[in-house]
Structure formats: structure tokens, C-alpha cells
Amino acid sequence: MLDKDLVMNKTLRILNRKQGEDSTGCRMGVVIARAGLGKTAILVQIALDNIFHGRNVLHVSVGEGLEKARAWYDDMFLHVTGDLPADRAAELAEYVQRNRMIMTFKEAVFSRPKLEERLNDLVYQDIFRPDCVVVDGFDFSAADFDEVADIKDLMSSMNLQVWFSALSHRADQRVSKEGIPAPCHDIADLFETVIVLKPEAPGINLHVIKDETACVVPGKVLALDPSSMTVQEG
């Protein structure tokens, strides 16, 4: 028997409904933060939580290589399974590997058509059928509403949940009426869930700015362990 239930409390479990309840459907979510605050760590925890819920996850890394993405999973996995005996952690690691695939793109070539082509290759050849896609490194500052809406349309057509990371900048103070910061302030309506990471003494906090899936009440704040970027309470 796998120990996934024992480690789920160390992931971002609040973003998913409990097993046996209806899924969140084709949610599109985004994690917004300045550089170095842990966007990738949060995306990986979201991915792991979905895997522990029994879903296949495709991790799309834009502008970074395969090994760097894999290292993030290895690191976060050690943090969330640190209390397990070695043999049971190894069994769980094998389960994660079976249900996760990493895909890389150079920044200049990432687009809906390219992503759709490679997704179809995986699905039609029965290589891997994702239920959730996490996209790390997409440049929202260079994308317009229609481009992001097009990607959302692709995900909806394939019945996929998708999560993005988005890089914000201290000098850019633009926000939407809901308080969603740039670079996503003008496309806020496209997202069902928006998370913002903020450095706040004594560490880093995760703010749920928006959630239309009824998994978590907007305004929820979670403290993160700054050494591991795992949730400290929830």
C-alpha cells in the first residue's frame, strides 16, 4: 500500500477537492511572484498533489532544461517524504515517476500550436495522457489576452487542468480590480485560481487572491517554510 495519503498534508492539498468529490474541472491557475520566491517549488507541489490524487501530470518547462526540472521534483519529493522509511519512499518515488512527464521548450518556440502538436503526439500514440499540465517559465509580459485565451481553449478542449508560473517585478505596481498583480492584471478573468507569493516577515506567505473552484476561500494565507518552500499550515 502506498503512503501517498501520509505525505499529502505536506503538499498544497487545499487546492484540490477531497478524493471522492467532484474534480475542479478545467481550472486554469497561476502562481505569481518575483524572482527567487519559489514559483517553481509551488508548481511542483501542485503537480505532486495532483499525482497523489491519482492524476497524470505533464510538467512543461519553458526556457529551462530537463535536468533542472527533474531536480526540482527530486528536491520537493525529499521534503514531503522525509518521514517515510527508505523502502516506502522509494515505492512512492516510482509511483510519481510513472505518473509524471517533463517536456521542455525553448522560449522562442513555445506556442499553442507547438504545445498542441506535442500533446497530441503523446496522447494519440498512447505514450502519456495527462490530466493536469503545469507550465513553468511562460513569459506573460510578452503575451496578450488572445494568446493566453487560446492556450486555455486548448486545455479545455482536452479536458485538462493547467497551472502557470508568472514573473512579477517590484517596480511594476499595476493590479487588477481584484488585486491580481502584473503581468496578469489584464488577463485576470482567464484564471479560476490566482496565488501570489509575498516575502513577509518572518518568511514567505502564499496568498490565495482568487478561487472560483470553491476549494479555498479567497483571502486565505498560508505560511511557507522558507528553507523548503513547503506549506507550514493549511
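Residues numbered from 1 in each chain as written. Predicted model: local features only at pLDDT ≥ 70, side-chain atom pairs only at ≥ 80, totals over all residues. Heavy atoms only, no water.

Enquirer: Explanation requested: the overall build of the protein in the structure shown.
Expert: Counting its secondary structure elements, the protein contains 6 helices and 8 strands. In the protein, the succession of helices and strands from N to C terminus is α-β-α-β-α-α-β-α-β-α-β-β-β-β. Taking all 234 residues of the protein together, 52% fall into the buried category. Accessible surface computed for the protein: about 11,200 Å², of which carbon and sulfur atoms make up 48%. (Helix = DSSP H or I, 4+ residues; strand = E, 2+ residues; numbered from the N terminus. Buried < 20%, exposed > 50% of the residue type's maximum accessible area, 1.4 Å probe, protein only. Areas by Shrake-Rupley, 256 points an atom, 1.4 Å probe, with all protein chains shown as cover.)

Enquirer: Which parts of the structure should I look at to understand the environment of methionine 101?
Expert: Within the secondary structure, methionine 101 is located in strand E3 (residues 100-105). Judged by its relative accessible area of 23%, methionine 101 falls in the partly exposed class. Methionine 101 sits 27 residues away from phenylalanine 128 along the chain, and the two C-alpha atoms are 7.8 Å apart. Setting aside anything within four residues of it in sequence, one finds methionine 101 in contact with Val57, Leu58, His59, Leu122, Ile127 and Phe128. (Contact = heavy atoms within 4.5 Å.)

Enquirer: Could you clarify how one ought to interpret the side chain of threonine 230 in this entry?
Expert: Tracing the backbone through its elements, the reader meets threonine 230 in the segment after strand E8 (221-224). Note on threonine 230: relative accessible area 11%, which makes it buried. At a separation of 2.7 Å, a polar atom in the side chain of threonine 230 contacts the side chain of serine 228. (Polar contact = N/O pair within 3.5 Å; in protein donor to acceptor, adjacent residues only side chain to side chain.)

Enquirer: What should I look at first to understand the nonpolar core in this one?
Expert: Nonpolar side chains tend to gather and get buried jointly when the protein is soluble and globular. Judged by nonpolar contacts, the single largest core of 38 residues is most densely connected at Val31, Leu48, Tyr73, Trp163, Leu197, Leu206 and Leu224. Elements with a contribution of two residues or more to this core: strand E1 (28-33), helix H2 (39-52), helix H3 (66-80), helix H4 (86-98), strand E4 (132-136), strand E6 (193-200), strand E7 (203-211) and E8. The element best represented in this core is H2, accounting for 9 residues. Ranked by size, the runner-up nonpolar core spans 34 residues in total, among them Phe140, Ala143, Phe164 and Ala188. (Core = buried A, V, L, I, M, F, W, Y, C linked by side-chain atoms within 4.5 Å.)

Enquirer: Help me understand the pattern of salt bridges, please; the structure alone is not making it clear to me.
Expert: Any two side chains of opposite charge can pair, on the condition that their charged atoms come close. Inspection of the entire model under this criterion finds 11 salt bridges. In this structure, arginine 98 engages glutamate 94 in a salt bridge whose closest nitrogen and oxygen atoms are separated by 3.5 Å. Residue arginine 98 and its partner glutamate 94 are located together in helix H4, separated by 4 residues, close to a single helical turn. On the basis of relative accessible area, glutamate 94 is assigned to the partly exposed category, the value being 48%. Salt-bridge contacts for arginine 112 lead to aspartate 150; the nearest nitrogen and oxygen are separated by 3.0 Å. Of this pair, arginine 112 sits in helix H5 (residues 112-124) while aspartate 150 sits in helix H6 (residues 145-157), and the two are 38 residues apart along the sequence. In this structure, a network of salt bridges that share partners links the residues Arg112, Glu116, Asp150 and Asp153. (Salt bridge = Lys/Arg side-chain N within 4 Å of Asp/Glu carboxyl O.)

Enquirer: I'm lost on the packing of aromatic side chains in this one. Help?
Expert: What characterises a pair of aromatic rings is the spacing of the ring centres plus the angle enclosed by the ring planes. In total, this model carries 6 aromatic pairs according to the counting rule given. Measuring from ring centre to ring centre gives 4.8 Å for phenylalanine 138 and phenylalanine 140, while their planes differ by 85°; the resulting arrangement is edge-to-face. Phenylalanine 138 sits in the buried class, given a relative accessible area of 7%. A ring pair is formed by phenylalanine 140 and phenylalanine 164, whose centres lie 5.3 Å apart and whose planes are at 75°; its orientation type is edge-to-face. Remark: phenylalanine 164 occurs in strand E5 (residues 161-167) and phenylalanine 140 occurs in the loop between E4 and H6; sequence separation between them is 24 residues. A relative accessible area of 1% places phenylalanine 164 in the buried class. Each residue in the set Phe105, Phe110, Phe138, Phe140, Phe164 and Phe191 is aromatic and connected to the rest through ring pairs, giving one cluster. (Phe/Tyr/Trp six-rings, centres within 6.5 Å; stacked < 30°, edge-to-face > 60°.)

Enquirer: Quick question: what am I supposed to make of the sheet that holds E3 here?
Expert: Sheet strands pair by backbone hydrogen bonding; their relative direction is either parallel or antiparallel. Pairing is mixed in the open sheet, where 8 strands are placed in the order E3-E2-E4-E5-E1-E6-E7-E8. Strands with a single pairing partner mark the edges of an open sheet, and in this sheet they are E3 and E8. Here the strands of the sheet are splayed against their neighbours by 20° on average, with no regard to which way each runs. Of the pairings in the sheet, the one linking E6 to E7 comprises 8 bridges and is antiparallel in character. Considered in E7, the bridge of lysine 198 is made with asparagine 205. (Pairing = 2+ DSSP bridges. Axes fitted to C-alpha atoms, helices over the stretch in contact; angles between N-to-C directions.)

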